[in-house]
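Letter by letter, the chains look like this.
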Amino acid sequence: MSFNRPDQLLKLNEPFDICIIGGGATGAGVALDATLRGYKVLLIEKGDFAGQTSSKSTKLVHGGVRYLEQAVRNLDWHQFKMVYKALHERKTLLKNAPHLAHPLGLLTPCYTRWERWYYRIGMWLYDKISGSTNLKSSRGLNKKEIQAEFPSIESNHLRGGVLYYDGQLNDARYALAILKEAERLGACILNYARLDSFELGSKSLKIKKVVFTDVLSDASYTLPVKAVVNATGPFTDAIRVLANPRLKPRMKVSRGAHIVLPAPFWQGNTALLIPKTDDGRVIFVIPWREYVLVGTTDDPDTLTEHPVILDDEKEYLISYFNRYSAKKASISDISATFVGQRPLLQVQLDSAMNTDTKSLVRDHEVEVDGRSKLVSIMGGKWTTYRVMASDTVDILERDVLNVTVKPCLTKDHSLVAASTLSLPSHVEADIAEHLNELYGPAAGEVYAYGAERLLPGEPYLAGELNYLKEHEMAVTWDDVLARRWGVSLRDEALAEKLKGTKKEAFAS
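Note that the coordinates shown come from a computational prediction; the quantities given were computed from them, not determined experimentally. (Residues numbered from 1 in each chain as written. Predicted model: local features only at pLDDT ≥ 70, side-chain atom pairs only at ≥ 80, totals over all residues. Heavy atoms only, no water.)

## Remarks on the environment of lysine 203
Structurally, the position occupied by lysine 203 is in the loop between strand 8 (193–200) and strand 9 (207–214). Separated by 57 residues in the primary sequence, lysine 203 and isoleucine 146 have C-alpha atoms spaced 68 Å apart. (Helix = DSSP H or I, 4+ residues; strand = E, 2+ residues; numbered from the N terminus.)

Printed below as a string of structure tokens:
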């Protein structure tokens, strides 16, 4: 079977052990983990896969330099453990899908002798915590070395810096790769499937069935399941209350705004970490697929389906970019913007309601509702998605299914799909790079669907559209432009031009 909706709908006649609500990074991770442990899995997502937070990250695979600093300053063992887990997961993410994730050098500029020592010691500690999983050792640089190696940085008052390494990923496609592998192994994976309600047992009030609607056909399904996992990120509380109206809110939403600039504003493949802003935040300047990503903010927000960047957020990010970049940008230079809403866990319910989101721990917790037995995975971050999934399935087996906990098999499980069709040697370089970067070994299969460019000078192919329908479950133009290609998050004008070439190919 191909990874398309008609084939997945046929699978709904099968019995399922576990239903997962949410098709972002965490839900995808749970689906793969549970499938590898031998369970029949159904995953439903009300929109497109990775349609919310999981496709609107800062694209980093990282332990969290800022969280390590908070852990040391506040002697916070909880923060330290979170950094440790994330640092030890980086290499696994890069290894399991090398075409979608790679090491990234980040430069931390220093403007005083004290800063040079402070950040050098901090990055040395970052390396040491990573242990054998360290991607590459950090190193200190003087001003002349920075000017020679990184000409894009504004060097006025610069005293030196520290170069360290984390990772970068194509977040939306990474989530898709996890889902496709879970489906290949037997899971039923369905987007545009909206959860409507749960049917509970008459005595125990445990969830017995899930009721959902196929949004595209308006068909309703009621399916019996043995366990349900709530992996809906910022929307977690709504599902928790649906299962048990007595549950109190656990989530707080933080907005992370990003702006994108054309590549000439930041040359080279090394990112910049701005470690200290006037209001205590961290900002990154990151080379990203022929563009420059600048972000992010960290402010309390009201939960919404489609968060939009504010004018003052654009001005804030541009102002900090211009402080550190030799080439200055203006608001009119911005090619795209996007905002992700982070699901932050309120550990202490009463005190956390008024807490600044920058101070909330980015760790995760698995909750089992004693009445409905709904399993909710809350909090966390992209880098630790696999650990979050493993913890979730462990607890589900122990506390809901009441079976012996099976070993997690995802750590060394490759997400690279096997392919027998190679990319022809005559393919133009920009097209080959585009296909290899997005599809890995499947690039040849995608190219076989047709080599006609949608726009002159752009590597996006008309044949890809059919492949995305048949093998990647794309339904709308937004699915293609925002997540399968990611172009609308980098260049909104180009995305509109691409859409205009074959507007009839997808729903708007």
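## Some words on the sheet that holds strand 7 (residues 188–190)
Spatial strand order, 7-2-1-11-19-18: six strands in an open sheet with mixed pairing. Of all strands in the sheet, those bounded by a partner on one side alone are strand 7 and strand 18 (364–368). In this sheet, neighbouring strand axes are inclined to one another by 15° on average, regardless of whether the strands run parallel or antiparallel. Bridge analysis of strand 2 (residues 41–44) against strand 7 gives three bridges, and the strand direction is parallel. Opposite leucine 42, over in strand 7, you have cysteine 188 as the bridge partner. Relative to strand 2, helix 2 (residues 25–36) is tilted by about 170°, and along the sheet it contacts strand 1 (18–21), strand 2, strand 7, strand 11 (227–230) and strand 19 (375–379). (Pairing = 2+ DSSP bridges. Axes fitted to C-alpha atoms, helices over the stretch in contact; angles between N-to-C directions. Contact = heavy atoms within 4.5 Å.)

## Topic: the sheet that holds strand 8
With antiparallel pairing, three strands are arranged side by side in an open sheet as 8-9-10. Either end of the sheet is taken by a strand with one partner, and the two such strands are strand 8 and strand 10 (219–224). Across this sheet, the average inter-strand angle for adjacent strands is 20°, counted without regard to direction.

## Notes on the pattern of salt bridges
Under the criterion given, the structure shown has 37 salt bridges. Between aspartate 214 and arginine 5 there is a salt bridge, and its shortest N-O distance comes to 2.7 Å. Of this pair, aspartate 214 sits in strand 9 while arginine 5 sits in helix 1 (residues 5–10), and the two are 209 residues apart along the sequence. The two residues aspartate 214 and arginine 5 agree in class, both being buried. Salt-bridge contacts for arginine 484 lead to aspartate 48; the nearest nitrogen and oxygen are separated by 2.7 Å. In this pair, arginine 484 sits in helix 15 (residues 477–484) while aspartate 48 sits in the loop between strand 2 and strand 3 (60–61), placing the two residues 436 residues apart along the sequence. Aspartate 48 gets classed as buried once you look at its relative accessible area, which sits at 4%. Taken together, the salt bridges that share partners define one network made up of Asp33, Arg37, Asp394, Glu397 and Lys406. (Salt bridge = Lys/Arg side-chain N within 4 Å of Asp/Glu carboxyl O. Buried < 20%, exposed > 50% of the residue type's maximum accessible area, 1.4 Å probe, protein only.)

Remember, this is a structural readout, not a statement about activity or role.
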